[in-house]
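Here is what each chain is made of, one letter per residue.
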Amino acid sequence: MRTAFVKGTPSADNFKPWTHVKNQVPLDQGVGGNEDHSKDSRKVQDLRAAWLKKKAEIFASKLTKPDSEDPDTVNHLNWYMSTGFTRPYPGEKTVRPPSEFNNPAPAGEDSDD
């Protein structure tokens, strides 16, 4: 397989032993429900709750169907979750509620049905 990534003969240095470097940031930081959001404003708490409900709807029984949700909805969900539901999506002025995202998944020729 290495010939798919390296032209010619790979350097012998590529195969020398290496030392593992422990990660500096916990791998679960910013992920999951164990974070304290009690200091967030009521508006942010309501947005978080609404988007988490929307997330549950998005992933309910759709994990085996690729591209079964509107990409714009999923992009907004990912952005808001990674920014704490406080920063508007790039190019927008406000954090939008999930009720504004009721678009169906795009229909196309490459449906997996």
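For the structure itself, look to the data block above.
Small disclaimer: the values here were computed from a predicted structure and weren't measured.

Caption draft 1: Quick look at the overall build of the protein. Looking only at helices and strands, the protein has 2 helices and 0 strands in total. Of all 113 residues assigned to the protein, the portion counted as buried reaches 18%. Surface exposure of the protein reaches about 9300 Å², of which carbon and sulfur atoms provide 54%.

Caption draft 2: A look at the environment of Val 95. Residue placement: Val 95 occurs in the segment after α2 (71-82). Separated by 15 residues in sequence, Val 95 and Tyr 80 place their C-alpha atoms 7.8 Å apart. Here Val 95 is in contact with Leu 47, Tyr 80, Phe 85, Thr 86, Arg 87 and Pro 88, once residues within four sequence places are set aside.

Caption draft 3: Spotlight on the pattern of salt bridges. The full count for this structure, using the stated rule, is 5 salt bridges. Arg 48 is the salt-bridge partner of Asp 40, the closest N and O atoms lying 2.8 Å from each other. On the basis of relative accessible area, Arg 48 is assigned to the buried category, the value being 11%. Overlapping salt bridges, with partners in common, bring together Glu 92, Arg 96 and Glu 100 in one network.

Caption draft 4: Region of the structure containing the environment of Leu 77. As for its position among the elements, Leu 77 is in helix α2. You can call Leu 77 buried: its relative accessible area is 1%. For Leu 77 and Pro 98, which are 21 residues apart along the polypeptide, the C-alpha to C-alpha distance reads 8.3 Å. In contact with Leu 77, other than residues within four places in its own chain, are Trp 51, Lys 55 and Ile 58.

What counts and how
Residues numbered from 1 in each chain as written. Predicted model: local features only at pLDDT ≥ 70, side-chain atom pairs only at ≥ 80, totals over all residues. Heavy atoms only, no water. Helix = DSSP H or I, 4+ residues; strand = E, 2+ residues; numbered from the N terminus. Buried < 20%, exposed > 50% of the residue type's maximum accessible area, 1.4 Å probe, protein only. Areas by Shrake-Rupley, 256 points an atom, 1.4 Å probe, with all protein chains shown as cover. Contact = heavy atoms within 4.5 Å. Salt bridge = Lys/Arg side-chain N within 4 Å of Asp/Glu carboxyl O.

These values are about where atoms sit, not about what they do.
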